[in-house]
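Architecture and fold: a report
Take a look at the letters that make up each chain.
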Amino acid sequence: MYQADDFKLKAVSFAGTVVLGYAFCLGLYRLTLHPLSKVPGPRLAALTSWYEIYYDVWLGGQYFRSIARMHKKYGPVVRISPNEVHFNDPDFIDVLYPGAAERKTNRPVMVGKRSGTPDSMTATEDHDMHRRRRAVLNPFFSVARVRKLEPVIRQHADKVLHRLEQASISGEPMEMNPLFKAYASDIIVQYAFGDCFHFLYDPQCGKPYFKAVDMFFALNHVFGHWPWIGFLVRIAPGWVMRNFGPSLREMWEKKLWWITKVREVRNSNDPDRVKSTIFGGVLNSTLPDEDKTDLRLANETQLVVFAGEGTTAHTLTAAMFELYSHPTILATAKSELISANPHPTAIPTFAQLDGLAFFNAVVTKTIRLHPGVVNRQWRYSPEPIVYRDAQRGAEYVIPAGVTYGMTPTILHRTAEVFTDPGAFGPQRWVENAKLSRAFMGFSRGPRGCIGINLARREISVLLASLLRKYELYAGQEGCTFEVLSQHEGVK
Ligand code: HEM
């Protein structure tokens, strides 16, 4: 008995010594011999990814703030975890996010895992496979195709005005962000399948669903570090979600809806549906059959829909907040809109909005200050990348396969690039077109935002409609908005 206990004790202490010895050697390697060991950054971040986990999982998505502080301390390139570097240099954007013809850019596998949409375009690691998958979606987001959506976008903007009109009659305060999410969601889901959830007719504007999506995004950090948790959430049967994951349930149910809709489009005999909906086009494309399974297309739908909802709504909310808190800028934007569209309650056409330099700069400037995508834009290159830090006179080689990223939230608030970076000044953008060299709001390169044309149209049509109709509330009668404190956002 005594001997057995002694043996167990020895086995445990041996195993403990092996684990500690391994951790010690790994730490030593990461700090000294690792190919990134010369890249500046906090030692703790180089030693262990628990540093990142603390900020992103424990504190909830806060690592980007810590990375911003690192850049202030260590310069334009920092090692933010044992195997990842982060850049903050606008002159290096085109090297890190090159055109498809210049160099391949792969996406780290971890990004797909954290996105919760395996096999979707954005989760596709390989450059060439991503190109193939994206090629079938690209035509649906071209300038010309989005122009064809003009009646749909204007019709949805009209529905938003109608909701606000109803609220003004009933005296019910209207929260703008869920309304904007409902607007963006109804448009993109309608375009995807020829049908949508009609959130703009829902008294709650789909709030329970959007809360579930927010919760899912918050969990992305957890899925990124422990992908098996994401896997369990994905495969969880309905009764588990209903009983143990009520906050995600709404989203989970929508996933079943995506699958049903993919099947409906697949079995549809209506040629119009095939031509005019995104997933009709995908099913009819030359993609191989393994890329057209119900599950992969449901994941692709979830990606496209998620990517188009919150981002657009966030930009609209932020634009309203900035404009109505800067009455002089609001007045300039309004006078430009009045000259293009004299009727205050008419939804403007695309043609009326084209060429409104100041108004369009308001949209870009809003995305600069409040980018809809906060996380870093992860990539890796199949070839080494050389970075020269002119300030320090140092050169760093980022080996092939090492994850790197840039973050618009950090880049767009860098004083070396934008003087007075926190200020909302669209006029600067009108006067200095060169500022766009440092703009990453829609990312760059072949994995940049596919929905940029659609987003710009959705935002400008609705924003212009609201600005034309509503005044800032100062006790007067009529169509007004009230801006609450900065922390509460726009209501
Ligand atoms: C103001 C609104 C928007 C902003 C600021 C925005 C921003 C971005 C950014 C920064 C990325 C790159 C993310 C990365 O590299 O990790 C991206 C990707 C993407 N966006 Fe947008 N987006 C907006 C609206 C839209 C809309 C309306 C759609 C349309 C459905 C859309 C669809 C997508 C898709 C599908 C991707 C993934 C592309 C790929 O992986 O190849 N986005 N977006």
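Residues numbered from 1 in each chain as written. Predicted model: local features only at pLDDT ≥ 70, side-chain atom pairs only at ≥ 80, totals over all residues. Heavy atoms only, no water.

The name an unreviewed UniProt entry gives the protein is Cytochrome P450, with Clathrospora elynae as the organism. Regarding the protein, the UniProt comment filed under Cofactor (unreviewed entry) reads as follows: "heme". (UniProt positions renumbered as here; feature names shortened; annotations may be inferred.)

Remarks on the site of the ligand
The immediate surroundings of the ligand are formed by 28 residues, with Thr122, His130, Arg134, Arg379 and Cys449 found nearest. One nitrogen or oxygen atom from the side chain of threonine 122 is found 3.0 Å from an oxygen atom belonging to the ligand. Here arginine 134 contributes a side-chain N or O atom positioned 2.8 Å from an oxygen atom of the ligand. Residue assignment for the shell around the ligand shows that the elements contributing at least two residues are α7 (127-137), α17 (294-325) and α23 (452-469). Looking at the shell around the ligand residue by residue, the class counts come to 11 nonpolar, 12 polar and 5 charged. (Near = heavy atom within 4 Å. Polar contact = N/O pair within 3.5 Å; in protein donor to acceptor, adjacent residues only side chain to side chain. Helix = DSSP H or I, 4+ residues; strand = E, 2+ residues; numbered from the N terminus. Nonpolar A, V, L, I, M, F, W, Y, C, P; charged D, E, K, R; others polar.)

Thoughts on the nonpolar core
Taken as a class, soluble globular proteins show a tendency for nonpolar side chains to be buried jointly. In terms of nonpolar packing, the biggest core is built from 98 residues, with Ile278, Leu323, Leu463 and Leu466 touching the most fellow members. It is α17 that contributes the most residues to this core, 12 residues altogether. Apart from residues lying up to four places away in sequence, leucine 463 is in contact with Leu316, Ala319, Met320, Leu323, Phe359, Val362 and Val363. Membership of the second largest hydrophobic core comes to 18 residues, among which are Leu96, Tyr396, Val402 and Met406. (Core = buried A, V, L, I, M, F, W, Y, C linked by side-chain atoms within 4.5 Å. Buried < 20%, exposed > 50% of the residue type's maximum accessible area, 1.4 Å probe, protein only. Contact = heavy atoms within 4.5 Å.)

Side note on the confidence of the model for the protein
With 98% of its residues at a pLDDT of 70 or more, the protein shows a mean pLDDT of 90. Per-element confidence in the protein ranges from a low mean pLDDT of 73 for helix α13 (residues 238-244) to a high of 98 for strand β2 (residues 84-87). Predicted confidence for residues 487-491 stays below pLDDT 50, and this span has 11 contacts to residues more than four positions away or in other chains. The ipTM for the predicted assembly is 0.98, set against a pTM of 0.92. (pLDDT = per-residue confidence, 0-100.)

Section: the pattern of salt bridges
With the rule as written, the count across this model stands at 21 salt bridges. Ionic pairing is found between aspartate 91 and arginine 437, a salt bridge with its closest N-O pair at 3.2 Å. One end of the pair, aspartate 91, is in the loop between β2 and α5 (93-96); the other, arginine 437, is in the loop between α22 (426-431) and α23, and 346 residues separate them in sequence. Residue class for aspartate 91 comes out exposed when judged on its relative accessible area of 56%. Put simply, lysine 104 and aspartate 128 hold a salt bridge, and the shortest N to O gap is 2.6 Å. Linking lysine 104 in the loop between α5 and α6 (109-115) with aspartate 128 in helix α7, this pair joins segments that are 24 residues apart in sequence. On the accessibility criterion, aspartate 128 (30% relative accessible area) is partly exposed. Three or more residues are tied together by salt bridges with common partners; here these are Arg133, Asp291, Arg296 and Glu300. (Salt bridge = Lys/Arg side-chain N within 4 Å of Asp/Glu carboxyl O.)

Examining the sheet that holds strand β5 (residues 403-405)
As summarised here, the arrangement of the 3 strands in space is β1-β2-β5, forming an open sheet in which the pairing is mixed. The outermost strands of the open sheet, each flanked by one partner alone, are β1 (77-81) and β5. Put simply, the sheet's adjacent strands are angled 30° from each other on average, direction ignored. As paired strands, β1 and β2 are joined by 4 bridges and run antiparallel to one another. Among the inter-strand pairings, serine 81 is bridged to a residue of β2, identified as glutamate 84. (Pairing = 2+ DSSP bridges. Axes fitted to C-alpha atoms, helices over the stretch in contact; angles between N-to-C directions.)

Comments concerning α7
Along α7, the residues classified as buried are His127, His130, Arg133, Arg134, Val136 and Leu137. Buried positions along α7 lie against α16 (278-283) and α17. Capping the start of α7, aspartate 126 holds a side-chain oxygen 3.2 Å from the backbone nitrogen of aspartate 128, two or three residues further along.

Details of the environment of arginine 43
When you line up the elements, arginine 43 lands in helix α2 (residues 43-47). When the C-alpha positions of arginine 43 and lysine 334 are compared, they lie 51 Å apart, and in sequence the two are 291 residues distant. Among all residues touching arginine 43, those that are not within four sequence positions of it are Leu31 and Ser37.

Points about the environment of arginine 249
Summarising the element assignment, arginine 249 is placed in helix α14 (residues 246-267). Ignoring anything within four residues of it in the chain, the contact list for arginine 249 reads Met241 and Arg242.

Details of the pairing of strand β3 (residues 385-389)
With burial as the criterion, only one face of β3 is covered, namely that bearing Ile385, Tyr387 and Asp389; the residues Val386 and Arg388 on the opposite face remain uncovered. Examined bridge by bridge, β3 and strand β4 (residues 394-398) share 5 bridges and lie antiparallel to one another. Pairing of tyrosine 387 across the sheet is with tyrosine 396, part of β4. Where β3 folds back onto β4 in an antiparallel hairpin, the turn is made up of 4 residues, including glycine 393, whose phi is positive at roughly 65°.

Details of the UniProt feature "transmembrane region" (unreviewed entry) in the protein
The positions UniProt marks with the feature "transmembrane region" (unreviewed entry) are residues 12-31. In residues 12-31, the share of helix is 100% and the share of strand is 0%. The end C-alpha atoms are 28 Å apart.

So, the UniProt feature "binding site: heme" (unreviewed entry) in the protein
UniProt's entry tags Cys449 with the feature "binding site: heme" (unreviewed entry), counted in the numbering of this structure. Relative to the elements of secondary structure, cysteine 449 occurs in the loop between α22 and α23. Cysteine 449 sits in the partly exposed class, given a relative accessible area of 34%.

Brief notes about helix α20 (residues 357-369)
With 13 residues, α20 extends 18 Å between its outermost C-alpha atoms, agreeing within 8% with the 18 Å of an ideal straight helix rising 1.5 Å per residue. Residues of α20 that are buried include every one of Phe358, Phe359, Ala361, Val362, Val363, Thr364, Lys365, Thr366, Ile367, Arg368 and Leu369, and no others. On the buried face of α20, the contacting elements are α17, α18 (327-340), α19 (350-353), α22 and α23. (Expected span 1.5 Å × (residues − 1).)

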